[in-house]
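A look at the structure
Now for the letters of each chain:
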Amino acid sequence: MAEINTKLTKKDLWKLFFYSEGFVTGFNYEKQEAPGFVFSMIPVLEKVYSDPEEKKDAYRRHTELFLTEARLSHFVIGLTAAMEERNANEHDFDPVSIGAIKSALMGPLAGIGDSLYHGTLRPIMAGLAISMVIASNYTSVLGPVIFVAVMAIVGQVIRYIGIFKGYEKGVAFVGAMQSSGMISKMTRYAGIAAYVVIGGFVSNFVSMSIPWSYMAGETEVSIQTTLDGMVPGLLPVLYTLLMLWLMKKKKANPILLMLLTMAVGVIGYACGILAS
């Protein structure tokens, strides 16, 4: 059997370019830009993976939450294309690192894109367009046309550079990181950072307290105050860990766990077990 060529060509990158035009159309508040990322990667994943299971795993890993500035996201798309190509051909690194590198790039690229594209170029072009409209006594449409054209052209140029140069540099970048061991380090550090961030969210967004108290001699002792004195936010942390255990070990449906949490809150409050 002839060996299947899984090398991406310029034609494949152009397909990636055109598919990525729909990058923001799948935006939602659960996975943010992940649906658009998956859609953009279709021509790459269909080209480089011949094994159905590997292909499914590749699609699945890009359904994880992704959010950065939409134009600069295409540098990540180009780099990811290079990583998927290498993973399909060489299998010399953990595919989990693909998601880790995507996550590591989200913040820096968002800061750069928001500052330069939205915070600098957009206000300048909007000011120019408004000035032209006012100068024409509100009769000219040239200003708005220039604004739309410039923003669209700059966006397409960034898209092209991001995909083609991101892929071109990504091939060398991935090879260099793999030989230096940087990929495994980034995967480990990204995981640590994710757990730290999630741990911080628990204390802010999960509220659970026990209103019970008892008398110790002439002193009233609050159970919740005692627990907070031992470990602040202990109950929210324990409940969160229970949910994580149920999802990881017991493969519990997250929707059912959400409904269970609502029921625990309502019933617990009604029975006086939990406080508001």
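Residues numbered from 1 in each chain as written. Predicted model: local features only at pLDDT ≥ 70, side-chain atom pairs only at ≥ 80, totals over all residues. Heavy atoms only, no water.

For the protein, the name recorded in an unreviewed UniProt entry is PTS system, mannose/fructose/sorbose family, IID component, with [Clostridium] innocuum 2959 as its organism.

The helix and strand tally for the protein stands at 11 helices and two strands. Start at the N end of the protein and walk to the C end: the helices and strands fall as α-α-α-α-α-α-α-α-β-β-α-α-α. A total of 276 residues make up the protein; the buried ones form 32% of that total. For the protein, restricting intrachain contacts to residue pairs at least 6 apart in sequence, the fraction spanning at least 24 positions comes to 69%. (Helix = DSSP H or I, 4+ residues; strand = E, 2+ residues; numbered from the N terminus. Buried < 20%, exposed > 50% of the residue type's maximum accessible area, 1.4 Å probe, protein only. Contact = heavy atoms within 4.5 Å.)

All right, on to the side chain of Ser-20 then. Following the sequence through the fold, Ser-20 ends up in the loop between α1 (10-19) and α2 (34-40). Take Ser-20: its relative accessible area is 0%, and that puts it in the buried class. Reaching out from Ser-20, the side chain makes a polar contact with the backbone oxygen of Phe-17 at a distance of 2.6 Å. Sequence-distant contacts of Ser-20, defined by excluding residues within four places in its chain, comprise Ser-40, His-74, Ile-77, Arg-159 and Ile-163. (Polar contact = N/O pair within 3.5 Å; in protein donor to acceptor, adjacent residues only side chain to side chain.)

Once that is clear, we can look at the packing of aromatic side chains. A full pass over the atoms with the stated rule returns 10 aromatic pairs. Ring geometry for Phe-23 versus Phe-37: centroids 6.5 Å apart, planes at 65°, classification edge-to-face. Here Phe-23 is found in the loop between α1 and α2, whereas its partner Phe-37 is found in helix α2, with 14 residues between them in sequence. As far as burial versus exposure is concerned, Phe-23 and Phe-37 are alike and both buried. Through a chain of ring-to-ring contacts, the aromatic side chains of Trp-14, Phe-17, Phe-18, Tyr-160 and Phe-164 assemble into a single cluster. A cation over a ring is seen here: Lys-102 above Phe-37, with NZ or CZ 3.9 Å from the ring centre. (Phe/Tyr/Trp six-rings, centres within 6.5 Å; stacked < 30°, edge-to-face > 60°. Lys NZ or Arg CZ within 6 Å of the ring centre and 35° of its normal.)

Moving on, we get to the layout of surface pockets. Estimates place the volume of the second largest pocket at around 160 Å³. In this structure, the second largest pocket is lined by Glu-21, Phe-23, Val-24, Ala-70, Arg-71, His-74, Tyr-117, Met-151, Ala-152, Gly-155, Gln-156 and Arg-159. The greatest single-element share of the lining of the second largest pocket, amounting to five residues, is contributed by helix α7 (residues 142-180). The residue makeup of the lining of the second largest pocket, split by class, is six nonpolar, three polar and three charged. (1 Å grid on protein atoms, 1.4 Å probe; cavity = no way out; pocket = protein on both sides within 12 Å on 5 of 7 lines; lining within 4 Å. Points joined across faces, edges and corners; volume = space filled by probe spheres on them. Nonpolar A, V, L, I, M, F, W, Y, C, P; charged D, E, K, R; others polar.)

It is worth spelling out a nonpolar patch on the surface at this point. On the surface, Trp-14, Phe-18, Phe-75, Ile-153, Val-157, Tyr-160 and Ile-161 cluster together into a nonpolar patch covering about 650 Å² of accessible area. By residue number, the principal contributor to the nonpolar patch is α7, which donates four residues. Relative to the assigned elements, Ile-161 resides in helix α7. (Patch = residues over 30% accessible without salt bridge, like charges linked within 9 Å, V, L, I, M, F, W, Y side chains within 5 Å. Areas by Shrake-Rupley, 256 points an atom, 1.4 Å probe, with all protein chains shown as cover. Salt bridge = Lys/Arg side-chain N within 4 Å of Asp/Glu carboxyl O.)

Mapped onto this structure's residue numbering, the UniProt feature "transmembrane region" (unreviewed entry) falls at residues 141-161, 189-210, 230-247 and 254-275. Taken end to end, residues 230-247 is 83% helix and 0% strand, and its first and last C-alpha atoms sit 28 Å apart. Between the end C-alpha atoms of residues 254-275 the distance is 24 Å, and the span holds 77% helix and 0% strand. (UniProt positions renumbered as here; feature names shortened; annotations may be inferred.)

Our next topic: helix α10 (residues 234-248). Helix length check: α10, at 15 residues, gives a terminal C-alpha distance of 21 Å against a target of 21 Å (1.5 Å per residue), a fit within 8%. Looking at α10, one finds that the buried residues are Leu-235, Pro-236, Tyr-239, Met-243 and Leu-246. End-on, the buried residues of α10 take up no more than an arc of 100°, which puts them together on one face. (Expected span 1.5 Å × (residues − 1). Arc of directions from axis to C-beta.)

Quick look at the nonpolar core now. Grouped together as the largest cluster of nonpolar side chains are 31 residues, with contacts concentrated most on Leu-16, Phe-37, Met-41 and Ile-77. Sequence-distant contacts of Ile-77, defined by excluding residues within four places in its chain, comprise Leu-16, Ser-20, Phe-23, Phe-37, Ser-40, Met-41 and Ile-163. Counting five residues, the second-largest nonpolar core is a separate cluster that includes Leu-79, Phe-93, Ile-98 and Ile-101. (Core = buried A, V, L, I, M, F, W, Y, C linked by side-chain atoms within 4.5 Å.)

Okay, the pairing of strand β2 (residues 219-222) next. Two strands pair when backbone bridges link them, and strand β1 (residues 213-216) and β2 are joined in this way by four bridges, in the antiparallel orientation. Across the sheet, the residue bridging to Ser-213 is Ser-222, located in β2. Between β1 and β2, which pair antiparallel and follow one another directly, the connecting turn spans two residues, one of which, Gly-217, has a positive phi of 70°. (Pairing = 2+ DSSP bridges.)

Right, let's get into the pattern of salt bridges. When the charged atoms of two side chains lie near each other, side chains of opposite charge can form a pair. In total, this model carries nine salt bridges according to the counting rule given. A salt bridge links Glu-21 to Arg-159, with the nearest nitrogen and oxygen atoms 3.5 Å apart. Taken together, the residues span a long stretch of sequence, with Glu-21 in the loop between α1 and α2 and Arg-159 in helix α7 at a distance of 138 residues. Accessibility expressed as a relative area gives 10% for Arg-159, which makes it buried.

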